[in-house]
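Fold and contact review
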Amino acid sequence: MEVQKEAQRIMTLSVWKMYHSRMQRGGLRLHRSLQLSLVMRSARELYLSAKVEALEPEVSLPPACPSDPRLHPPREVESTVETATADGEQPSPEPMDTQEAPTAEEIPAYSAPRPAKVSRKRRSSSLRDGGDAGLVPSKKARLEEKEEEEGLSSEVADRLQPPPAQAEGAFPNLARVLQRRFSGLLNCSPAAPPTAPPACEAKPACRPADSMLNVLVRTVVAF
Amino acid sequence: MKCFSRYLPYIFRPANTILSSSCHTEADIISTVEFNHTGELLATGDKGGRVVIFQREQESKNQIHRRGEYNVYSTFQSHEPEFDYLKSLEIEEKINKIRWLPQQNAAYFLLSTNDKTVKLWKVSERDKRPEGYNLKDEEGRLRDPATITTLRVPVLRPMDLMVEATPRRVFANAHTYHINSISVNSDYETYMSADDLRINLWNFEITNQSFNIVDIKPANMEELTEVITAAEFHPHHCNTFVYSSSKGTIRLCDMRASALCDRHTKFFEEPEDPSNRSFFSEIISSISDVKFSHSGRYIMTRDYLTVKVWDLNMENRPIETYQVHDYLRSKLCSLYENDCIFDKFECVWNGSDSVIMTGSYNNFFRMFDRNTKRDVTLEASRENSKPRAILKPRKVCVGGKRRKDEISVDSLDFSKKILHTAWHPSENIIAVAATNNLYIFQDKVN
């Protein structure tokens, strides 16, 4: 558990550093971004392996989560992950499905070719090309529902975002992804850190970091 | 170790630094230090884009004790902040590297670079000026031709020494990523500039084109696993250069093999010690600096915790490994939080390749004698740098009872870091940059 907490803390810290590095003079540094992504990947692997070892039951959406629209990011993040996928980026590494227990096969999913059998989400993305409309319409419907909530959180995101002219820069894909995702992560973190992020407690709200970080880890090197 | 048993420290600061030990601007932070080939000149670059050149005083019979003092010779603004409108990115004016060209005439030439642009500067002295023009008066105004009745030849008359720096070449628009290294070739006709993914070869006379000799950018950027961190030409073989990577590897390339040196001639990598494997192993294994020895036989690399010496004839492991501050190995998580783990330390050889030096935290710097295997930790600070003072070796207490004069690991000031150092090419004179202060130490053995 401690290992998981520490891994989560490192992941949150890394994401914060990645976001902060966009604000510095001179723009994103490729070497720094690569190093941060490596740490995020290591933290993710450690987190997942610790989870496997602990054999924790999967936690569904937290019952203690109030119905504050800003705390809807768990769903919003997953839906926006799919939006990013639909934007033409490569399919993100498979996030842990809430119903399935994580297996050792999925841990190296970031770097290894992803099997198509693991979860519904992957199957739907792979079948999208095949034209299977059975799953896609339901996903689209969910996206439409969540756009309102995205709009509510966009106010928070706008305060955090630099002007679009600055946000693009040399790495537009990363900038766009971070703009969409990071507001959700900040909302689920205990506090938006002005200087250093606090330790991320084992709140269920941190759970969605799995899927977000999969995207973030990949988009770090996608620019 | 006899070297640096006695010291005559001098402290120099950039001309516009506020004269308070605790207050300085970001622009004053020194970002590079380099002696020229004779050691007569010492150049520093700072984050504000300025270059300050110090010159060693000439030996004088009357003031023999002043031999070795470095005084400000020239100051100029090398780079200005720029804005890339296409990418909406600000380009920092910080000077990343300075490299001197060998002196071929009365003027001095150096290369300075920021993240995107390399410039060739000519630094020359003017101590005479022409007087007695026919068409101009003494103030330079044109004279009325009707008043000119005689013809005279202008003569050169002495004037106060003036040192002027002029940009002779600007090598721009060749790097998509941030330049981390420049290196002058031993043919003195070409040099290379390296960014995160590419290395370009330039001719000093041609500014509008360069040859790309290394390109490690993958077709799919998602497959990026390493970047170039430093590069240097061999000191004698104009066809050979090395570049280091963020994965802790060094590649030696021969430009005679092919135009694009993507395939290395030699590959230097040490297998990772599994017992040292940690969460941040990949970060601390990244090489921050690579330097050929003066002999050209060895290369030295600096990663976060160690300095390694490699023999060019042996690729599978370094011949020597020196622990710079191994007590930080257990603090890597904290160092990641405060960003210190990303610091890029440089390393230098002395003139005879017998001693190597690198910086650390708390304004400490370390020297390792390769022959005797002795090492010493010294501190660059105002309190310890009074004239004719002797630098006392410092020691970091890693555990147990702390002795007097030792400092514990937890008391180290990580904001005081020595990233840039330089060693005189032939004498035991070192320059150490500590934030915005430049310390010059000299070994005086009577």
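Here the residue index of a chain counts from 1 through its sequence in written order. Whichever chain is written first becomes A and whichever ligand is written first becomes 1, with later ones labelled in order. Totals for whole chains, interfaces and linings use every residue, but because this is a predicted model, local features are given only for residues with pLDDT of at least 70 and side-chain atom pairs only at 80 or more, for both listing and counting. To get the side-chain values, take all heavy atoms of the structure and skip hydrogens and water.

**A closer look at the overall build of chain B**
The number of helices and strands found in chain B is two helices and 32 strands. Only C-alpha atoms enter the radius of gyration; for comparison, a globular chain is expected to reach 2.2 Å times N to the power 0.38, where N is the number of residues. A compact globule built from 446 residues should have a C-alpha radius of gyration of about 22 Å, and chain B, at 24 Å, falls within 12% of that. In terms of overall dimensions, chain B has a C-alpha envelope of 90 × 55 × 40 Å along the principal axes. Each residue gets one of three labels from its accessible area relative to the maximum for its type: buried under 20%, exposed over 50%, partly exposed in between, using a 1.4 Å probe on protein chains only. Within chain B, the proportion of its 446 residues that are buried is 53%. Every residue pair with non-hydrogen atoms within 4.5 Å of one another is taken to be in contact. Taking contacts inside chain B between residues at least 6 apart in sequence as the whole, the part at least 24 apart equals 53%. Counting 59 positive and 62 negative side-chain charges, chain B places the averaged centre of each group 6 Å from the other. Segments assigned H or I by DSSP are reported as helices when at least four residues long, segments assigned E as strands when at least two residues long, and all are numbered from the N terminus. We score Asp and Glu as negative and Lys and Arg as positive, and we do not count His or the chain ends. By convention, the charge on Lys lies at NZ, on Arg at CZ, on Asp at CG and on Glu at CD.

**Structural notes on the pattern of salt bridges**
In the sections that follow, a salt bridge refers to a side-chain nitrogen of Lys or Arg positioned within 4 Å of a carboxyl oxygen of Asp or Glu. Counted by the stated rule, this structure contains 36 salt bridges over all chains. One salt bridge connects B:Asp303 with B:Lys308, and the closest N-O pair in it is separated by 3.8 Å. Here the salt bridges do not stand alone but share partners, grouping A:Glu6, A:Arg9 and B:Glu337 into one network.

**Things to note about the sheet that holds strand S16 (residues 228–233) of chain B**
Residues and elements named next belong to chain B. With antiparallel pairing, four strands are arranged side by side in an open sheet as S16-S17-S18-S19. With one partner strand each, in any of the chains shown, S16 and strand S19 (266–268) form the two edges of the open sheet. Strand-to-strand, the axes of this sheet are offset by a mean angle of 20°, without reference to chain direction. Two strands are said to pair when DSSP picks up at least two bridges between them. As paired elements, strand S18 (residues 250–254) and S19 share three bridges and run antiparallel to each other. From the neighbouring strand, Ile 250 faces S19, where its bridge partner is Phe 268. Angular values range over 0 to 180 degrees, each being the angle between N-to-C directions of two axes fitted as lines to C-alpha atoms, with helices fitted over their stretch in contact.

**Describing the interface of chain B and chain A**
At the junction of the two partners, chain B supplies 32 residues and chain A supplies 33 residues. Roughly 3000 Å² of surface becomes buried between chain B and chain A when both sides are summed, with 57% attributable to carbon and sulfur atoms. Of all residues in chain B, B:Glu222, B:Phe279 and B:Tyr336 bury the most surface against chain A, accounting for 24% of the area lost on that side. Where chain B touches chain A, the interface holds eight salt bridges. Ionic pairing is found between B:Glu337 and A:Arg9, a salt bridge with its closest N-O pair at 2.6 Å. For this analysis, a polar contact is any N or O atom pair within 3.5 Å, provided that within protein one partner can donate a hydrogen and the other can accept it, and provided that sequence-adjacent residues contribute only side-chain to side-chain pairs. Joining chain B to chain A, the criterion identifies 12 residue pairs in polar contact (both at pLDDT 80 or more). Looking at the side of chain B that touches chain A, the elements with two or more residues in it are strand S7 (89–91), helix H1 (281–284) and helix H2 (332–337) of chain B. Among the elements that line the side of chain B that touches chain A, the one with the most residues is H2(B), at three residues. Buried area, as used here, totals the accessible surface that two parts lose on assembly, with accessibility defined by a 1.4 Å probe and the loss added over both.

**Considering unusual backbone geometry**
All names here are of chain B. Of note, the phi angle at Asn 173 is positive, near 65°, even though the residue is not glycine. Relative to the helices and strands, Asn 173 resides in the loop between strand S11 (155–171) and strand S12 (181–184). Accessibility expressed as a relative area gives 78% for Asn 173, which makes it exposed. The phi angle at Asn 363 is positive, at roughly 60°, despite the residue not being glycine. Along the chain, Asn 363 turns up in the loop between strand S25 (355–359) and strand S26 (364–369). On the accessibility criterion, Asn 363 (9% relative accessible area) is buried.

**Side note on empty space enclosed by the protein**
Residues and elements named next belong to chain B. Cavity and pocket criteria rest on a 1 Å grid covering protein atoms alone: a 1.4 Å probe that fits but cannot get out defines a cavity, protein on both sides within 12 Å along at least 5 of 7 lines defines an open pocket, and an atom within 4 Å of a point defines a lining residue. Grid points are joined across faces, edges and corners, and a volume is the space filled by probe spheres set on the points. Under the criterion given, the structure shown has six cavities of 30 Å³ or more. As a volume, the largest cavity reaches approximately 90 Å³. What lines the largest cavity is a set of 13 residues, and nearest its centre among them are Ile 283, Ser 286, Ser 288, Ile 341 and Asp 343. The classification used treats Ala, Val, Leu, Ile, Met, Phe, Trp, Tyr, Cys and Pro as nonpolar, Asp, Glu, Lys and Arg as charged, and all other residues, Gly among them, as polar. Class assignment for the residues of the lining of the largest cavity results in six nonpolar, four polar and three charged.

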